[in-house]
Amino acid sequence: MQKESTSRAELMASFKALQRDFDNKKNDIKNKESDFDQLRKRFCEQLKQRNERFVQLIGSENPLQSLAYNLSGQLEKNFDNWEQQAAARSKGIQFRKDFGDSLLVFIYGKVKSGKSSLGNYMAWGHSEPTPELKEKSLSPTYFSAEQTNVASGDQDKEAEKTLQFRVNATEATSSIQGFKLPGLTWVDSPGLHSVNAKNGDLAKEYAEHADLILYTMSSQAPGRASDMEEITELLNSNKKIMVLLTGSDTTNEDEDEEGNLVTMVVMKDLLDRRDQVEYVNGELEQLQNSSSVLAEVLPISTRYAERNMTPEGIAESGMGRLMYELQVICASQALSIKLNMPMENLRHSIRVTADDLAGMREIISGFANSIGKQNDDLQRELSSLGVQGSSQMRAYINQVFIDEHADLENALRQKASEIISQLAIEALNKIGERQQQGLKQAFDSSRLSGIPEYREITEEKEYFVGTREGNKSLWGLGGTLLGGAAGFLLGGPAGAAIGASVGSASSMVGRSASAEYGRHQVVVSDNREEQRQAAIENYSNILPRLLDEHVNTLYGPLRTAMLEYCGALDRDMTELMDNLENLAQVNQ
Amino acid sequence: MSEREQVLAQLENACSNLLAVSVLGEKPRIAAWGLVKAGKSSLLNMLSGHVEQEFFKTGAVRTTRVNRELETDHYILVDTPGLGIDDDDSEQAFKGLDSADIILFVHALQGELDQEEIDLLIEVKAVYTEEIDRRLVIVLSQLDKDENGAMNSVSSRIMEQLQEQIGIQPTCFKVSNTRYRKGIAESKPVLTKKSGIPNLAQYLDTLSLEIKDQLEAARYRRQQVREAQLLKELEQAIEEERQFISSLKKPYIEKISIFNQIMEKLRQEFNSHSDEISIIQKKINSI
């Protein structure tokens, strides 16, 4: 079927030739990788400290506290994720370290899609190599990495011991293992989407470190949605891939004269193969980054290839074409793929981290909004409580002026402080913030201005005093008259001051002749109303403002601290991102 | 369309489907169901005698996009699109599942059941409840791909999976459509017999006769089960809508209640001032 066919031996020779190049041009970005982990780690630690301090800052009743816990919980989740990523990365670096001189080809795909058979074919030219075959071939070096605990899986270091991958009718692979030939490292992975999810997870963890991924799809049902999702993910992380339709053969059956079945493996009908290739190619083209699919979809059959070991048979099986495409990659891109892959991986990690950070930013800006909203709530509450307090105070003032309170100003101060402190607690309770010692601080009553001193309002009056001799009696008369007048006007305590007033007047008594007039200061009123107005102004009307100031002095620092926290997180993230971007940009 | 709207549209669809499925006929309906390219259409062609000239269209890539029916002597065969490709196909396939009396779950014998298939079978079990072992027939296709009897271990692994993961023990047949086709076309009895198709056909004939009298009752029960499921989903959707609406209303309600509080305080304030004023008024009058 193909003109472009290469034998396995030729391909291996190409890889071998490549080994020297790999050796000469190693690209070590180890420093960058550890920088990357360090940067993230430092960021996490910084954030954790900030969080601890922050959560202590807010009262336990404040709904913002649960939000803050939620926030730090979500951030922690991200950090755990990062830690896992870092662990996986260091595992991968460790894993990759041994294969610096070869192209790391990783076989990846659904369970039972022929991965291990293909690996065996690559290693030995047969999917189930016999001991004799192993004797005479160039012997690959097998190695093992990690293994899941899935019961039916392969044994510990099975491939190393048996020098082949386990091939079975049912799910057989549960380890990352592979073999090395000069210039080529081949890694077999457990299947995706099986009922043993652990196997698939292990495969995913290691796939990241591949230079080239051969994605196997069974030709029985190619292009399933779950396959396309996996490929999408690989392409998104800039992996170079090839897609293989494995098992593209079928059986021709017949019966012999004794009533037995006779079978013959043939390749699937050419048209069927073409339909499948077209279909999967079409699906791939719709994906982003589809240029990272290095060759067209290849239908292959190891089973057919090993039964037809002629060059024609190898070509017909599709294996020849696969070898050819690998050889092309070998000659053209393998070195640059190899050199770029670590950086590509790092860039991908940085992109993923950037996404994580964007998510964090969203959470934090949500939290900042809540802080804003809480402040709005508080201010709204304050304006309504202010009206209420002002009205309480006014009622008290009116009452206290009727009651003739002795120490008026003191009483007003006390009451105003009381109301303001009470309302402040109410306002803060409303937003759930009452635990903080700082917020219990009493209102500073010195902020209240006084009311004018009590004084009487007097008028100077001229009156007839008679003769000089009659002074004394008139003196008494005047006192009586004035006392009566004043008593009429004011009554009560005002009367007490009358004597003095009259006394002062007496000194002004004229000394003129027969008809003498005197001038006298007469108390006509006092400044009680002025005092009351001042009290209303200085204690009642001003109360909303004072309450506002009082509460905001208490709440302000908390709010500022919360906003500062958000700002600090934001700055931390920007800094981290800048640093990471620098890492990604520096030349290789 | 938002996710919410999609869910609602699906529910609406499910409701109208439930109400529409009424005339199913007197013959049992047998639906082939399973993942894409499992060999469903070929199987139905073989079962209905369309060996040389296919009735249900087949191909190397997915071919069946809508449900298709064929009435035979004993039953009605229903072909459904393969699952695991796209949503429209799946919706058709589930519709086919809803109207079926017997399900042929077709699985290609290359490997054991994967997680996707296990999940699908769990859904089938939900519809058929305790009748499941009788109404579900597992058909392991592409027996011709067998080498060295490997498929025996695959099929016994599958039976284990069915038992362990889903808790069912359905009847299981291994078949090869290509073997049967060749056996019939070239009159080769060994191929025909070893294709497993005659056994399956006979089993379906017998099963159809057996369940014929119980069809209505069973369909009614399934309808009830589905109705109950759908009702539950509807209630859940309604509850979600309610919550959605109340979450939309919440900010306004908050604002209104704050506004009302302020108004109430102002009213009190006004009243207390009015009282004050009227007291002063009285005083003035009394002077």
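Everything numeric in this text was worked out from a predicted model, so none of it was measured.

Participant: Help me understand the sheet that holds strand 1 (residues 103–109) of chain A, please; the structure alone is not making it clear to me.
Facilitator: Residues and elements named next belong to chain A. What the 7 strands build is an open sheet, ordered 2-3-4-1-5-6-9; its pairing is mixed. Each edge of the sheet is formed by a strand with only one pairing partner; in this case those strands are strand 2 (141–147) and strand 9 (298–299). Pairing analysis gives 2 bridges linking strand 6 (residues 241–246) to strand 9, with the strands arranged parallel. Residue pairing across strands places Leu244 opposite Leu298, the latter belonging to strand 9.

Participant: Help me understand the nonpolar core, please; the structure alone is not making it clear to me.
Facilitator: Nonpolar side chains tend to gather and get buried jointly when the protein is soluble and globular. All names here are of chain A. In this structure, Phe43, Phe367 and Tyr539 are the most contacted members of the largest nonpolar core, which totals 64 residues. Listed by contribution, the elements that provide at least two residues to this core are helix 2 (30–57), helix 3 (63–97), helix 13 (334–403), helix 14 (408–430), helix 17 (528–541) and helix 18 (543–585). Top element by residues in this core is helix 18. It accounts for 17 residues. Those residues in contact with Tyr539 that lie beyond four places of it in its chain are Met393, Ile397, Glu409, Leu412, Arg413, Ala416, Leu448, Ser449, Gly450, Ile451 and Ala534. With 41 residues, the next largest nonpolar core counts Leu103, Met122, Trp124 and Ala305 among its residues.

Participant: Can you walk me through unusual backbone geometry in this structure?
Facilitator: Residues and elements named next belong to chain A. Phi at Lys157 takes a positive value of approximately 55 degrees, unusual for a residue other than glycine. Taking the relative accessible area as the measure of exposure, Lys157 reaches 37% and is therefore partly exposed. Of note in the backbone geometry, Leu163 takes a positive phi value of approximately 55 degrees without being a glycine. Turning to its location among the elements, Leu163 is positioned in the loop between helix 6 (158–162) and strand 3 (175–181). Overall, the relative accessible area of 27% leaves Leu163 in the partly exposed class.

Participant: Explain the sheet that holds strand 6 (residues 171–174) of chain B to me, please; I cannot follow it from the model alone.
Facilitator: Within a beta sheet, neighbouring strands are joined by backbone hydrogen bonds and run either parallel or antiparallel to one another. Residue and element names in this part refer to chain B. Taking strand neighbours across the sheet as the criterion, the 6 strands line up as 2-3-1-4-5-6 in an open arrangement whose pairing is mixed. Unpaired on one side and paired on the other, strand 2 (68–71) and strand 6 mark the two borders of the sheet. Averaged over all pairs of adjacent strands, the angle between strand axes in this sheet comes to 20 degrees, irrespective of strand direction. Judged from the 6 bridges that link them, strand 4 (residues 102–108) and strand 5 (residues 136–141) form a sheet pairing that is parallel. The partner of Ala108 across the bridge, within strand 5, is Ser141. On the sheet, helix 2 (residues 40–47) packs against strand 1 (29–33), strand 3 (76–79), strand 4 and strand 5 and is oriented at approximately 160 degrees with respect to strand 3.

Participant: I keep staring at the side chain of A:Asn196 and nothing clicks. Help me out?
Facilitator: Residues and elements named next belong to chain A. Turning to its location among the elements, Asn196 is positioned in the loop between strand 4 (184–188) and helix 7 (197–207). On the basis of relative accessibility, which here comes to 19%, the residue Asn196 falls in the buried class. In terms of polar contacts, Asn196 uses its side chain to reach the side chain of Glu171, at 2.9 Å. Other than its neighbours up to four places away in sequence, Asn196 contacts Val150, Ser152 and Glu171.

Participant: Honestly, the packing of helix 2 of chain A against helix 13 of chain A in this entry has me stumped. Any pointers?
Facilitator: Working note: a packed helix pair is described by the angle between its axes plus the distance between those axes. Residues and elements named next belong to chain A. Where helix 2 contacts helix 13, the two axes come as close as 11 Å, and the packing angle between them is 15 degrees. Considering the angle they form, helix 2 stands roughly parallel to helix 13. Viewed along their axes, helix 2 and helix 13 form a crossing whose handedness is left-handed. Two secondary-structure elements touch here, helix 2 through Lys32, Glu33, Phe36, Arg40, Phe43 and Phe54 and helix 13 through Pro342, Met343, Leu346, Ser349, Ile350, Thr353, Leu357, Met360 and Phe367.

Cut-off values and rules
- Sequence order as written defines the numbering, with residues in each chain counted from 1.
- The order in which chains are written sets their letters, starting at A; the order in which ligands are written sets their numbers, starting at 1.
- Per-residue local features are limited, in this predicted model, to residues with pLDDT of at least 70; the limit for side-chain atom pairs, both in listing and counting, is 80 or more; totals at the level of whole chains, interfaces and linings are taken over all residues.
- Here the side-chain values reflect all heavy atoms present in the structure, with hydrogen atoms and water set aside.
- What makes two strands pair is DSSP finding at least two bridges between them.
- Starting at the N terminus, helices and strands are each numbered in turn, a helix being any DSSP run of H or I of at least four residues and a strand any DSSP run of E of at least two.
- Residues belong to a common nonpolar core when they are buried Ala, Val, Leu, Ile, Met, Phe, Trp, Tyr or Cys residues joined through side-chain atoms within 4.5 Å.
- Burial classification: accessible surface area is computed with a 1.4 Å probe over protein chains only, and a residue below 20% of its type maximum counts as buried, one above 50% as exposed, and the rest as partly exposed.
- We call two residues contacting when some pair of their heavy atoms lies within 4.5 Å.
- For helices, the axis comes from a line fit to the C-alpha atoms of the stretch in contact; other axes are also lines fit to C-alpha atoms, and the angle between any two N-to-C directions lies between 0 and 180 degrees.
- Counted as a polar contact is a pair of N or O atoms within 3.5 Å, where, for protein atoms, one must be capable of donating a hydrogen and the other of accepting one, and residues adjacent in sequence contribute only when both atoms are in side chains.
- Relative orientations are named as follows: roughly parallel for angles under 35 degrees, roughly antiparallel for angles over 145 degrees, roughly perpendicular for angles from 65 to 115 degrees, and oblique for any other angle.
- Here a crossing is taken to be left-handed if its near helix is turned anticlockwise relative to the far helix by less than a right angle, and right-handed if that turn runs clockwise.

Read these as layout, nothing more, since geometry by itself doesn't imply function.
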